[in-house]
Amino acid sequence: MRTIVIGCDNAAVHLKNELMGFMEKKGYTVENMGCDSTEDSTYYPYVAEKVCREIINSGYQKHGVLICGTGLGMAMTANKFKGIRAGVCHDIFSAERLKLSNDGNVICMGERVIGAELAKRILEKWLELDFVDCASTSKVEAIKEIEGENLK
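All values derive from a computational prediction rather than experimental measurement.

Enquirer: Even after reading the chapter, I still don't get the overall build of the protein chain, so can you show me in this structure?
Expert: From N to C terminus, the protein chain includes six helices and five strands. Counting helices and strands in the order they occur from the N terminus, the protein chain gives β-α-β-α-β-α-β-α-β-α-α. For 152 residues, the compact-globule estimate of 2.2 N^0.38 gives 15 Å, and the protein chain sits close to it at 14 Å. Its C-alpha atoms give the protein chain principal-axis dimensions of about 40 × 30 × 25 Å. Buried positions account for 47% of the 152 residues belonging to the protein chain. Of the contacts formed within the protein chain by residues at least 6 apart in sequence, a portion of 68% connects residues at least 24 apart. Distance between charge centres in the protein chain, computed from 19 positive and 22 negative side chains, equals 2 Å.

Here it is in structure tokens:
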């Protein structure tokens, strides 16, 4: 089982807690990077940064879950880090494609967009999949090439 690093802003504390419990019951090691209270005013970019740095420091062995009101700001921030491929997923098909077509290592969701039960099903699908060499490999390599040119 892999280690999952999770973080949220104060708009998504409830969903983060639900997903942490869900993953722990499934046997995953979960590392909480905050926020832990709806009163915590830490901006979501700083939480995303903590999660991404932990993934990078693990040699990309860990994967990440980022949650805010919509998931959009978290994804935008996460994708500023070399080697991070984050996407917003509010349906199972997108979660499949994030992993299988894009080798996504960070999934982002919005508490204001989806409920906890759907989020669990989406997360479960994403967690159970692994990227394998396929027709999308060359596209992921192109992402890495562009990233290397632009994130120096």
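There is more to say, and it comes next.
Enquirer: When you look at the sheet that holds strand S1 (residues 3-8) in this model, what are you seeing that I'm missing?
Expert: Two pairing modes exist for strands in a sheet, parallel and antiparallel, and in both the strands are linked by backbone hydrogen bonds. If you trace the five strands from one edge of the open sheet to the other, you get S2-S1-S3-S5-S4, paired in parallel fashion. Two strands in the sheet have a free side with no partner beyond their single neighbour: strand S2 (29-32) and strand S4 (86-88). Taken over all neighbouring pairs, the strand axes of this sheet differ in orientation by 25° on average, direction set aside. Sheet contacts for helix H1 (residues 13-25): S1, S2, strand S3 (63-68) and strand S5 (106-110); angle to S1, the most-contacted strand, approximately 170°.

Enquirer: Any chance you could explain the packing of H1 against helix H5 (residues 116-128) here in plain terms?
Expert: Packed helices, taken two at a time, are described by their axes: the angle between them and the distance between them. It is the contact of H1 with H5, at a shortest axis distance of 10 Å, that shows an interaxial angle of 45°. Here H1 lies oblique to H5, going by the angle between them. The two elements H1 and H5 meet at a crossing, and its hand is right-handed. Contacts from Leu-15, Glu-18, Leu-19, Phe-22 and Met-23 of H1 reach H5 at Ala-116, Ala-119, Lys-120, Leu-123, Glu-124 and Leu-127. Its residues placed into classes, the contact of H1 with H5 shows eight nonpolar, no polar and three charged.

Enquirer: Would you explain the environment of Glu-18 in this entry?
Expert: Relative to the helices and strands, Glu-18 is located in helix H1. Spatially, the C-alpha atom of Glu-18 lies 9.2 Å from that of Ala-119, the residues being 101 residues apart in sequence.

Enquirer: Would you mind showing me how to read H1 here?
Expert: Given 3.6 residues per helical turn, the α-helix brings residues three or four places apart onto the same face. Here H1 contains 13 residues, and its C-alpha end-to-end distance of 18 Å stays within 8% of the 18 Å for a straight helix at 1.5 Å per residue. Looking at H1, one finds that the buried residues are Val-13, Leu-15, Lys-16, Leu-19, Met-20, Phe-22 and Met-23. If you follow the buried residues of H1, they end up packed against S1, S2, S3, S5 and H5. Just downstream of H1 lies Gly-27, where phi reads positive at about 95°.

Calculation criteria
- Residues numbered from 1 in each chain as written.
- Predicted model: local features only at pLDDT ≥ 70, side-chain atom pairs only at ≥ 80, totals over all residues.
- Heavy atoms only, no water.
- Helix = DSSP H or I, 4+ residues; strand = E, 2+ residues; numbered from the N terminus.
- Rg over C-alpha atoms; globule rule 2.2 N^0.38 Å.
- Buried < 20%, exposed > 50% of the residue type's maximum accessible area, 1.4 Å probe, protein only.
- Contact = heavy atoms within 4.5 Å.
- Lys, Arg positive; Asp, Glu negative; His and termini not counted.
- Charge placed at Lys NZ, Arg CZ, Asp CG, Glu CD.
- Pairing = 2+ DSSP bridges.
- Axes fitted to C-alpha atoms, helices over the stretch in contact; angles between N-to-C directions.
- Parallel < 35°, antiparallel > 145°, perpendicular 65-115°, else oblique.
- Left-handed = near helix turned anticlockwise from the far one by under 90°.
- Nonpolar A, V, L, I, M, F, W, Y, C, P; charged D, E, K, R; others polar.
- Expected span 1.5 Å × (residues − 1).

What is shown is where atoms sit, not what they do.
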